[in-house]
Every structure is written in C-alpha cells, then in structure tokens.
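# An overview of the molecular structure
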Amino acid sequence: MSKPATPVAPPLKDELDIVIPTIRNLDFLEMWRPFFQQYHLIIVQDGDPTKTINVPEGFDYELYNRNDINRILGPKASCISFKDSACRCFGFLVSKKKYIFTIDDDCFVAKDPSGKEINALAQHIQNLLTPSTPFFFNTLYDPYRDGADFVRGYPFSMREGAPTAVSHGLWLNIPDYDAPTQLVKPLERNTRYVDAVLTIPKGTLFPMCGMNLAFDRELIGPAMYFGLMGDGQPIGRYDDMWAGWCTKVITDHLGLGVKTGLPYIWHSKASNPFVNLKKEYKGIYWQEDIIPFFQSVTLPKESTTVQKCYIELSKMVKEKLGPIDPYFTKLADAMVTWIDAWEEINSPAQSAPAADAKKDGPSSKKK
C-alpha cells in the first residue's frame, strides 16, 4: 500500500510574514488560501479598535489594533499612522522573520494570459532570492530567470549582481493612479500583462506602491517606514511613496537592488478620486520639491547600516524640507522615533514585546 504524499512546504515558510492592513473582514483571504495558508500572517487593524475583524478559519495569524500598538510602543506609537494604510509598517516592526510580503485587502489573485492563477508570493520570493543588476542595465531584463542571460557587452565583473532588497509587484484591472489621473480616466483599466522583471537602475527613483510588495527585512527593514499619514496629518496616500524614496536612496548607497514588474495581482476596487484628491493635493504640490531633494541626497560614507542612513536622511529632511512646511519637521522627528522603536523592538534583549502582544492582544490565533 502506498503511503500518502508528504505535504511539500512552500518556499521560506518559516522565514516570511504576510502583513495585511485592514478595516474590514478578511474574506479576500479565501481566494489566496492555496498560496497563503501555510504562512504566518500579521494583520494590522486600522480604525476603531473595538470592531471585530473576522479572519477565515485555518490561517495562522496575529492581529494588532490601535490599542495594541499604543500598549506595545507607548509614547513611540505616535510614529504609527492612524486611519491610513501606512499603519502596515507596525507589522514590519514586530515581525521576527527575514522576509515580508505585504498586500492590500482589495487585491485578488490575478491570472496570466494563459488563464493560470498567479502565485504572487512565489514570484516575489524568486525575485528576492536572485540578485539584482542596479549598476549596469541588461537589455533582456532579468538575466537570472529561465530562458534569459546577460547580453553581449555586459561586463563579466558585474554578473554576480547585487543582493535584492525589494520586490515591487504590479496590478491588473485598477491601475495605481493619482486622483487627477483617476478623474480624467475614470474607466481606464490595466489589461497589459508584461512578462518582465526589471532592476531599477542606481540613481533612479520610482513611485513605490505598497499593495503588492515584498522585501528583505534584514537588508532594508528599518527604511520601510510609511511616514505620518491620515488622521491628524495634512497628507495621505503618500505613505508608500515616502518609504520608496527613502528606501531607494539607501539601497543605492549600500549597493543593494530593487526590482519591479512581476508578479501581478488583480486590484479589484477603485478608490474615490474626490476623497483621494483631498488627501493628495498637498503631496502633488510638495513632490515637486521632494523629488529633487531625494535626487540630490548623498549619504556619508560612515553610514554603513540602514539605521545610520535613515537617521542621516531624517536630518536632511528636517533641514531641506522643513522650510517648505512644518509637517516635514514633524515627519523628520517621527523618522527618528521609528528607528528608536525598531531598535527597541528588535534588540536581542527585547524579543518579549511581540510575545506579550500575542498573549494580551485582542485576537491571536494559531491553526
């Protein structure tokens, strides 16, 4: 009699957390069950902490609401945004895993042109576990994927590439547009599936979207701070952008890589462009100063860790962007608070806070 097949553990099962910010029941996880069920989830509940968030049976998760964030971080909780998906970075903070995949709750499983469901997480893992090529562009894009290689003229001395810190995925259906573009193209949908992964060259910034994103927490985690957004702040919907700009100048400085392209998810729901415009309008104006600022950033040679880089960057934000609006002085201070919180939560002697959160939190459940 043949023995039943032993279940095959998915890649990085014990080395990766899936972080989901939400204000609603997580029914969307049902369609992700084949891909997510064996991984650990960190759910960050935004909004009213007394509301009960239902999670489908069979998932291994811990859930944190605002009360938990305040209890775990104390005064440092001021750096975690409220009523904005920027709260997801609290999950990055308390994770104990090497890798993070974060996804929004309106992102569904997409299909490739052949009709096959896309395992977005597996593609992100492949992106993170293979090198990047930030210093010299390969015209066949990712040389490490099956069926591709380095083209003629690519220096052999650079073919080992650089460690990949970030994998930035894309979206079918609803594109990630700003409010003015939404208003002039209300019916536009992205149906183009581009089968490519590119390394973003050194010295080039990009607009990072947090709804389908993975990163190596050990390589770049402290830079993945999604800023001060939402409740009580003059700006919203720039949380992932801010993290992306900070992350890119730091990865460039430290010789790390950022990839964009595959995997795709199906972005199911368009947000209200008028609400978005109210959140974004200062950012749309300010980014004309923010982008040149980041393009001009030069970090000192002594900044050899992400934390040191980030503290230096916070000083530059205060000095160069502070005069534009007092918000940037407040943001620069929050950047320092974030690093303090990161050091406190992630120091070897302080592995207890996350454990306490599981014990005392409103919802913590194992399979």
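A quick note: this is a predicted structure, and the numbers were derived from the prediction, not measured. (Residues numbered from 1 in each chain as written. Predicted model: local features only at pLDDT ≥ 70, side-chain atom pairs only at ≥ 80, totals over all residues. Heavy atoms only, no water.)

### Re the pattern of salt bridges
Rules: A side-chain nitrogen of Lys or Arg and a carboxyl oxygen of Asp or Glu constitute a salt bridge if their distance falls within 4 Å. Counting from the N terminus, the helices are DSSP H or I runs at least four residues long and the strands are E runs at least two residues long. Partly exposed describes any residue whose relative accessible area lies between the buried limit of under 20% and the exposed limit of over 50%, with all areas from a 1.4 Å probe on protein chains only and scaled to the type maximum.
Summed over all chains, the structure comprises 16 salt bridges. One salt bridge connects lysine 76 with glutamate 344, and the closest N-O pair in it is separated by 2.8 Å. One end of the pair, lysine 76, is in the loop between α2 (66-73) and α3 (89-94); the other, glutamate 344, is in helix α10 (residues 326-346), with 268 residues separating them in the sequence. Given the relative accessible area of 25%, lysine 76 is considered partly exposed. For glutamate 344, a relative accessible area of 29% gives the class partly exposed. A salt bridge links glutamate 188 to lysine 185; the shortest N-O distance between them is 3.6 Å. Several salt bridges share partner residues, and in doing so they unite Lys98, Asp216 and Glu218 into one network.

### Quick notes on the pairing of strand β1 (residues 16-22)
Rule in force here: The rule for pairing is simple: two strands pair if DSSP sees at least two bridges between them. Call a crossover right-handed when, viewed with both strands pointing away from you, the route from the first strand across the helix to the second goes clockwise.
Across the seven residues of β1, seven count as buried, placing the element largely inside the fold. Burial of the side chains of β1 extends over both faces: Leu16, Ile18, Ile20 and Thr22 are buried on one face and Asp17, Val19 and Pro21 on the other. In terms of strand pairing, β1 meets strand β4 (residues 99-103) through four bridges, oriented parallel. The partner of aspartate 17 across the bridge, within β4, is isoleucine 100. As paired elements, β1 and strand β2 (residues 40-45) share six bridges and run parallel to each other. Within β2, the position partnered with isoleucine 20 by the bridge is isoleucine 43. In the classification by handedness, the crossover that spans β1, the intervening helix α1 (residues 29-36) and the parallel β2 is right-handed.

### Some thoughts on the side chain of threonine 164
We apply this condition: The term polar contact refers here to a pair of N or O atoms within 3.5 Å; inside protein, the definition further demands a hydrogen-donor-capable atom paired with an acceptor-capable atom, and it admits residues adjacent in sequence only when both atoms are side-chain atoms.
As for its placement among the helices and strands, threonine 164 is situated in strand β6 (residues 164-173). What makes threonine 164 buried here is its relative accessible area of 3%. Side chain to side chain, threonine 164 and serine 132 meet in a polar contact 2.6 Å long.

### So, the confidence of the model for the chain
Quick reminder of the rule: Every residue gets a pLDDT, meaning the predictor's confidence in that residue, from 0 to 100. A contact between two residues is defined here by any heavy atoms of the two lying within 4.5 Å.
Overall, the predicted model of the chain reaches an average pLDDT of 94, with 93% of residues at or above 70. Throughout residues 352-363 the model reports pLDDT below 50, and contacts reaching past four residues in sequence, or to other chains, amount to 21 contacts.

### Points about the packing of aromatic side chains
Quick note on the threshold: Two aromatic rings from Phe, Tyr or Trp, using only the six-membered ring of Trp, form a pair when their centres are within 6.5 Å; if the ring planes differ by under 30 degrees the pair is stacked, by over 60 it is edge-to-face, and anything between is tilted.
Summed over the entire model, instances satisfying the criterion amount to 20 aromatic pairs. With a centroid separation of 5.2 Å and an interplanar angle of 75 degrees, the aromatic rings of tyrosine 64 and phenylalanine 90 are classed as edge-to-face. Note that tyrosine 64 is positioned in strand β3 (residues 60-64) and phenylalanine 90 in helix α3, a separation of 26 residues in sequence. Phenylalanine 90 matches tyrosine 64 in its accessibility class, with the two residues each being buried. Summarising the aromatic geometry, the rings of tyrosine 327 and phenylalanine 328 are spaced 5.4 Å apart at their centres and angled 70 degrees between planes, so their arrangement reads as edge-to-face.

### Topic: the nonpolar core
In globular proteins that are soluble, nonpolar side chains generally tend to be buried together. Selection criterion: Among buried residues, the Ala, Val, Leu, Ile, Met, Phe, Trp, Tyr and Cys ones that are joined through side-chain atoms within 4.5 Å form a nonpolar core.
Within the largest apolar cluster, 67 residues are counted, with the highest numbers of intra-cluster contacts made by Leu73, Tyr225, Trp242, Ile250, Tyr310 and Trp338. With 11 residues, α10 is the largest single contributor of residues to this core. Among all residues touching tryptophan 242, those that are not within four sequence positions of it are Tyr225, Gly227, Ile290, Phe294, Tyr310, Val317, Leu321, Phe328, Leu331 and Met335. Grouped together as the second largest cluster of nonpolar side chains are 32 residues, Trp32, Tyr61, Val109 and Ala120 included.

### Concerning the pairing of strand β8 (residues 212-216)
Burial within β8 is extensive, with five of its five residues counted as buried. Here β8 shows no split at all, with Asn212, Ala214 and Asp216 on one side and Leu213 and Phe215 on the other all buried. Relative to β8, β4 runs antiparallel, the two being bridged by five bridges. Note that in β8 the partner of tyrosine 99 across the bridge is aspartate 216. Here β6 pairs with β8 via three bridges, running antiparallel. Paired with histidine 168 across the two strands is leucine 213, which belongs to β8.

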